[in-house]
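Structural features, examined
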Amino acid sequence: MYQADDSAPICGQAQTTCPYCGVGCGVTATLEDGAITAVEGDRQHPANYGRLCVKGSALHETLGQQGRLTRPRVDGAEVDWDTALDTVASRLTAIRSEHGNQALAAYLSGQLLTEDYYVANKLFKGFLATPHLDTNSRLCMASAVAGYKRAFGADAVPCCYEDLEEAELVVLVGSNLAWNHPVLYQRIKVAKTRNPLMRVVVIDPRVTDSCEIADLYLGLKPGSDARLFNGLLSWMATKRKLDKLYLARHTQGFDEALAAAREEASDLESVAADCDLDAEALETFYYWFASQLHVVTLYSQGVNQSSSGTDKCNAIINCHLAGGKLGLPGAGPFSITGQPNAMGGREVGGLANQLAAHMDYHTPGAIDRVTRFWRTASLTPTLPEGPGHKAVELFSAIERGEVQALWVMATNPAVSLPDAARVRAALAKCPLVIVSECVTDTDLLAYADIVLPASSWSEKDGTVTNSERCISRQRGLLPPPGEARHDWWIMCEVAKRLGYGEAFAYEHPSEIFDEHARLSGFENAAEIPGARRLFDISGLAGLDRAGYDALAPIQWPVTAQAPQGTARLFEDGHFATDNGLARLVPITPRGPEQRLSAERPLRLNTGRIRDQWHTMTRTARAPRLMNHRAEPFIEVHPDDALAYGVADQRLAVLSSAAGEYRARVRVANAQRRGEVFVPMHWSDRFTKQARSGALISGYTDPLSGQPESKHGAVALAPMSTAWEATLLVSEELSDELSDSAPWCESDYWARIPMRGCQRWQLASGRVEHDWLERLAAWLPEAATLWCEDAGDGRLRAAAVRDGQLCWWVMVGPPAELPGLAWLEQRFNDAELSDTHRRRLLAGCDDGAADTGPTICSCHQVGQKAIVSAIRSGDASVEALGARLACGTQCGSCIPELKSLIEEERSHERAKPTPETQVA
């Protein structure tokens, strides 16, 4: 068994858990000479059974000490750990003494392990007595949490992944599962192949790759989800498709919920019109849902990220309760989590409205119970008496000066929060910002007074809980680099300096997990009024280190009565409410708070893309993950592109009440008219002005506090450019220039990491009259090769130093670029050959094939190579896989492969035949 300590390098294979999405895939890592050299899916893990997506498959490529934080910093100067920890404690104490406990706050992340989360929650709420501890899970799952609690009395996902395979109908709402949770998508796809009677419905404003397996697609108007599901509830009642026995025995509030639904969605035609859907297609969905018992509705950010997200969740849950479609195999409302440990954070109390172990502040006896368990009764004051500030409001409180100290761990609020300019102003104003971070290059560090180097994936040791309540071990396989330390250790050391050493005397994460497990079962019994809690892992209490390290994946609750865990909840129809009955909630649909206007007529949607994760601090370290979508983009319908004067692959500007966004246009029929889509990943580390949070105003759901990130209001215009250029700079030269790259003064830039070099896409509205002079000002190494067409504004140039390629540039539209794979290889040559040197300006070998934009990231297969193979007769996904290997690993590119095959078939059908030519 592999130890999670700083011992000597180890070799062999070890099992751990992926740090990306909420699927929680098991990973088998291969270790050689103290490094992880390869990863593959863990064939025994119940989440993925050996599958991995392209991000998970590239995990070993994101490791290494380059770009890692390795020493603490205080006020910009590197210090030792004792100095850093003493400073944290003394400054927190000073602020607390002057301004009170509630001047302190923490902002956490679903990237933390459960043990880190537990220590943070205990320290801030239990001993510093501030309720202001929240997490970036607020941005993705808070509405789902609130919806479950309103309906079931607990934040309890009722389903398991097997339900997706056992369902007769799977409904995807606001979820591009194919890109964002690809392993689950593949599981549904395989299940559909095995069961031809299974149907899949996709409900999403955009035609996404998830539609590849859809039997029915409903491209609804953004924000109309609640009306659609109110209409379903009303239709079920009208058509007598209710499970009246289930409603009578196990629920309450049906009459009120139905009355509200009928008031807002009285007939099918009006619902279809409000949702901008075809009435016949809508009724088909209603009939399928009402006629099948085994229905899973899987929903994600498209539902949650709304100012009425909680209501949308409850509108979905209402329909499942009304039809008795939960608590049995293949059925239930299934919120799919965005982060690897958003669920674990919720378990320990990592949201500002929670206390600990699924107890809220208003839970009867909870404050007293947790006080006695943590033994904080002697403190003055003791635990807070009520909830703290949720994420968006927390930064408003910082701006107002109410919160004077903020400790941020493992997240990047300077990029991810809405109204980003206001968030940054608040951070700049905050007297004390402490940041626990593992990499040197994030937007947040510019605002940090104290920086604490933290361990990362493959170093951290603890547990995570995925979307189906499955607890898995994320094992520490490598020692942290330099002086980086685990988050739980850092907080415990600060606690000791604050005088709380006895309560934080943990020596190993297994001890923290044991306390967490014991708290989950503490006074958790049906005979204690208001005490019974569904979250209970007391069956895992008492594990020693060996037992903890060997812990196999297991779904909570885990109790003496259910020692093997619990796959599915509410099978007995008994819920976690005071009377055991589930609640149907009356829903009155509300539109987005960010209103469209003549000035801002387009609806903005934001989201993830296939190969990136959050703000790219990890995924950008694997260059092949940058190839699928190399630059930030704006997806636009062809009619809107024409109306607003923008063109495919040209630059454009989005503007909102909150800010501006510059990116390259992608014209797509998959986008609805009047709406645009932008990715959420790019930060100031990778582009000049393409942070999606800069476009979103800070409106939130009044119940969950989740921001309205899917419903911006924007204007679109072409970006004026006098020139565009592509600049490739060697890693060595990039290190010399550090952060002072002078070309960043251009109106547009995007940095794209490659293997051995950095690619920069540049553009400006200012005319450049002498490019060689400009390059000499930008770069310390003079051009050694160039060709120029001054009249046309075109230039290609390169610099070679000591036989190695130093930089390469092309001034001209990116469409004129050669395939960059050949040039990328030249930056990795120890010495350029004479032949390669002669071909530098061409950017490729004579006759070398340009494979085009990357479609398959696993095997680096480009679009042109795929199209060529299709035209040669490989006109199926299987044939393309046999020839090029594309689509044979994670499967995420298969929908795009099918689209290319269909495109070529369409072109073939459109060609004139000899008969039509004669006619």
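One structure accompanies this document, and this report is about it. Model, not experiment: these values are computed from the prediction.

**As for unusual backbone geometry**
Note that the residue after W556, namely P557, is joined by a cis bond; omega there is 5°. Along the polypeptide, P557 turns up in the loop between β21 (554–555) and β22 (582–583). The backbone of A129 shows a phi angle near 60°, a positive value even though the residue is not glycine. Topologically, A129 is positioned in the loop between α3 (114–127) and β7 (133–135). For S458, which is not glycine, the phi torsion reads 85° and is therefore positive. If you trace the backbone, S458 turns up in the loop between β18 (450–453) and β19 (462–465).

**Let's talk about the sheet that holds strand β16 (residues 405–409)**
Hydrogen bonds between backbone atoms are what pair the strands of a sheet, whose relative direction is either parallel or antiparallel. Strand order in the open sheet formed by seven strands is β5-β4-β18-β17-β16-β6-β7, with mixed pairing between adjacent strands. The outermost strands of the open sheet, each flanked by one partner alone, are β5 (77–78) and β7. Examined bridge by bridge, strand β6 (residues 104–108) and β16 share four bridges and lie parallel to one another. Bridge pairing in β16 places L104 opposite A405. Across the sheet, α3 touches β6, β7 and β16, and the angle it forms with β7 is around 150°.

**Comments concerning helix α12 (residues 279–291)**
Since there are 3.6 residues in each turn of an α-helix, residues three or four apart along the chain are aligned in direction. With 13 residues, α12 should cover 18 Å at 1.5 Å per step; its first-to-last C-alpha distance of 18 Å lies within 8% of that length. Those residues of α12 lying buried are A281, L282, F285, Y286, W288, F289 and A290. Structurally, the start of α12 carries an N-cap: the backbone nitrogen of E280 is 3.2 Å from a side-chain oxygen of D278.

**Observations concerning the sheet that holds strand β25 (residues 651–655)**
Here we have six strands rolled up into a closed barrel, ordered β23-β27-β24-β26-β25-β28, and mixed in their pairing. Taken pair by pair, the neighbouring strands of this sheet meet at an average axis angle of 45°, ignoring direction. One ladder, built from five bridges, connects strand β23 (residues 602–607) with strand β27 (residues 675–679); its direction is parallel. Each residue of the ladder has a partner; that of T606, found in β27, is V678.

**A look at the environment of G231**
Along the chain, the position of G231 falls in helix α8 (residues 225–238). Each C-alpha atom, one on G231 and one on R43, is 42 Å from the other, the two residues being 188 residues apart in sequence. If sequence neighbours within four positions are ignored, G231 has contacts with A265, V271 and Y286.

What counts, and where the lines are drawn
Residues numbered from 1 in each chain as written. Predicted model: local features only at pLDDT ≥ 70, side-chain atom pairs only at ≥ 80, totals over all residues. Heavy atoms only, no water. Helix = DSSP H or I, 4+ residues; strand = E, 2+ residues; numbered from the N terminus. Pairing = 2+ DSSP bridges. Contact = heavy atoms within 4.5 Å. Axes fitted to C-alpha atoms, helices over the stretch in contact; angles between N-to-C directions. Expected span 1.5 Å × (residues − 1). Buried < 20%, exposed > 50% of the residue type's maximum accessible area, 1.4 Å probe, protein only. Polar contact = N/O pair within 3.5 Å; in protein donor to acceptor, adjacent residues only side chain to side chain.

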